[in-house]
Amino acid sequence: MNFEDDDIENFDFHSQYFTLAQESDENTRALIANCLHEAFNLSNDLQDTSLLRDTLHELLLDESKVVILTLVPNLDRLIGCYCN
């Protein structure tokens, strides 16, 4: 897959994270839980991060022990990003 500079700038990774956090596959949700803090870090102060915050809400409500245990080590970073 080749991306042009415009494609990369216009790629909506917030919605991709949100979509993947709702996947039925537990491993996919755990992967998103593991790297959600990076998505917040890639966002700038002017971007609307409401979808990333919604993604965090979805993951916090997840019934999978694997997803929750994957999310926990990054909660301190996520809370800091969430509040900014």
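If you're wondering where the values come from, they're calculated on a predicted model, not measured in any experiment.

1. Overview of helix α3 (residues 26-42)
- Taking 1.5 Å per residue, 17 residues should reach 24 Å; α3 reaches 24 Å between its end C-alpha atoms and fits that length.
- The largest bend in α3 amounts to roughly 50° and is located at cysteine 35.
- At its buried positions, α3 is contacted by α2 (13-21), α4 (50-60), α5 (65-71) and α6 (75-83).

2. As for the confidence of the model for the protein
- Taken residue by residue, the protein gives an average pLDDT of 87. The fraction at 70 or more is 87%.
- Confidence, expressed as mean pLDDT per element, reaches its minimum in the protein at helix α1 (residues 5-10) with 58 and its maximum at α5 with 96.

3. Concerning the nonpolar core
- Core analysis: the biggest nonpolar cluster contains 17 residues, and Tyr17, Leu36 and Leu59 have the highest contact counts within it.
- At the level of elements, α2, α3, α4, α5 and α6 are the ones that each hand at least two residues to this core.
- Broken down by element, the residue count for this core peaks at 7 residues, all from α3.
- Those residues within four positions of leucine 36 in sequence are excluded, and the remaining contacts are Tyr17, Leu52, Thr55, Leu56, Leu59 and Leu78.

4. Digging into the environment of asparagine 44
- Among the structural elements, asparagine 44 can be located in the loop between α3 and α4.
- For asparagine 44, a relative accessible area of 43% puts it in the partly exposed group.
- Of note is the side chain of asparagine 44, whose polar atom sits 2.8 Å from the backbone nitrogen of leucine 46.

5. Side note on α4
- Every buried residue belonging to α4 is among Leu52, Thr55, Leu56 and Leu59, and all of these are buried. Down the axis of α4, the buried side of the element spans an arc of 100°, and every buried residue falls inside it.
- As for α4, its buried residues are in contact with α2, α3, α5 and α6.

6. As for the packing of α2 against α3
- Viewed as axis vectors pointing N to C, α2 and α3 meet at an angle of 160°, and their least axial separation amounts to 9 Å. The angle between the axes of α2 and α3 places the two elements in the roughly antiparallel class. When the axes of α2 and α3 are compared, the crossing they make is left-handed. Contact with α2, carried on its side by Phe13, Tyr17, Leu20 and Ala21, involves Thr28, Arg29, Ile32, Cys35, Leu36, Ala39 and Leu42 of α3 and no other residues of that element.

Rules of the game
- Residues numbered from 1 in each chain as written.
- Predicted model: local features only at pLDDT ≥ 70, side-chain atom pairs only at ≥ 80, totals over all residues.
- Heavy atoms only, no water.
- Helix = DSSP H or I, 4+ residues; strand = E, 2+ residues; numbered from the N terminus.
- Expected span 1.5 Å × (residues − 1).
- Bend = angle between axes of the 7 residues up to and from the residue.
- Contact = heavy atoms within 4.5 Å.
- pLDDT = per-residue confidence, 0-100.
- Core = buried A, V, L, I, M, F, W, Y, C linked by side-chain atoms within 4.5 Å.
- Buried < 20%, exposed > 50% of the residue type's maximum accessible area, 1.4 Å probe, protein only.
- Polar contact = N/O pair within 3.5 Å; in protein donor to acceptor, adjacent residues only side chain to side chain.
- Arc of directions from axis to C-beta.
- Axes fitted to C-alpha atoms, helices over the stretch in contact; angles between N-to-C directions.
- Parallel < 35°, antiparallel > 145°, perpendicular 65-115°, else oblique.
- Left-handed = near helix turned anticlockwise from the far one by under 90°.

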